[in-house]
Amino acid sequence: MYKFIFPLFLLALTSAGAQVPAMFEGADLKLGEKLIAESKCSACHQQKVGGDGSAIYKPAGRVNAPGVLRGMVESCNTELNLSLFPDEVTSIAAVLNRDHYRFK
């Protein structure tokens, strides 16, 4: 009996940990990681907030929902003339959600 329950328990844990907001489902995380590196996001964030730039991800509740997060990435896209497509913006936002925000 235990050999059937344990795998179901592991599946439930894995599924619960993998929950992402609907807008980020299916986003290409590898592409998002690549675009973050190519766009030099960390260097820009370091210039804006100092240190390693990660303080930009915790602006006192400013980014409080998945849509707001995606909107912030779109703002960077527009402000810096990155010419990213909508799916690329979503991929970057999905990576940021995974690594910093963890919205469900």
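The structure under discussion appears in the preceding block.
Procedures and definitions
Residues numbered from 1 in each chain as written. Predicted model: local features only at pLDDT ≥ 70, side-chain atom pairs only at ≥ 80, totals over all residues. Heavy atoms only, no water. Salt bridge = Lys/Arg side-chain N within 4 Å of Asp/Glu carboxyl O. 1 Å grid on protein atoms, 1.4 Å probe; cavity = no way out; pocket = protein on both sides within 12 Å on 5 of 7 lines; lining within 4 Å. Points joined across faces, edges and corners; volume = space filled by probe spheres on them. Helix = DSSP H or I, 4+ residues; strand = E, 2+ residues; numbered from the N terminus. Nonpolar A, V, L, I, M, F, W, Y, C, P; charged D, E, K, R; others polar. Phe/Tyr/Trp six-rings, centres within 6.5 Å; stacked < 30°, edge-to-face > 60°. Buried < 20%, exposed > 50% of the residue type's maximum accessible area, 1.4 Å probe, protein only. Axes fitted to C-alpha atoms, helices over the stretch in contact; angles between N-to-C directions. Parallel < 35°, antiparallel > 145°, perpendicular 65-115°, else oblique. Left-handed = near helix turned anticlockwise from the far one by under 90°. Contact = heavy atoms within 4.5 Å.

Colleague: Can you break down the pattern of salt bridges residue by residue, with the values?
Modeller: The full count for this structure, using the stated rule, is four salt bridges. Close ionic contact of Arg98 with Asp99 constitutes a salt bridge, the shortest N to O distance being 2.7 Å. Bridged by salt links that share partners, the residues Glu33, Arg98 and Asp99 form one connected network.

Colleague: Please give an account of the layout of surface pockets that cites residues and values.
Modeller: Volume-wise, the largest pocket comes out at about 440 Å³. Along the walls of the largest pocket sit 25 residues, with His45, Ile56, Met72, Val73 and Cys76 positioned nearest its centre. Those elements that place two or more of their residues in the lining of the largest pocket are helix H3 (41–49), helix H4 (66–79) and helix H5 (86–101). Broken down by element, the lining of the largest pocket gets its largest block of residues, seven residues, from H4. Residue composition of the lining of the largest pocket, by class: 17 nonpolar, four polar and four charged.

Colleague: So what's going on with the packing of aromatic side chains? Residues and values would help.
Modeller: Centre-to-centre distance and the angle between the planes together describe a pair of aromatic rings. Summed over all chains, the structure comprises two aromatic pairs. On the basis of an interplanar angle of 10 degrees and a centroid distance of 5.7 Å, the ring pair of Tyr101 and Phe103 is categorised as stacked. In terms of burial, Tyr101 and Phe103 fall into one category: buried. Connected via pairs of aromatic rings, a cluster forms that spans Tyr57, Tyr101 and Phe103.

Colleague: Break down the packing of H4 against H5 for me, with residues and values.
Modeller: Direction vectors running N to C along H4 and H5 enclose 125 degrees, while the axes themselves pass 9 Å from each other. Taken together, the axes of H4 and H5 lie oblique to each other. The element H4 and its partner H5 pack so that their crossing is right-handed. Mapping the contact onto sequence places Leu69, Arg70, Val73, Glu74 and Asn77 in H4 and Pro86, Val89, Thr90, Ile92, Ala93, Leu96, Asn97 and Tyr101 in H5. Taken together, the residues of the contact of H4 with H5 break down into eight nonpolar, three polar and two charged.

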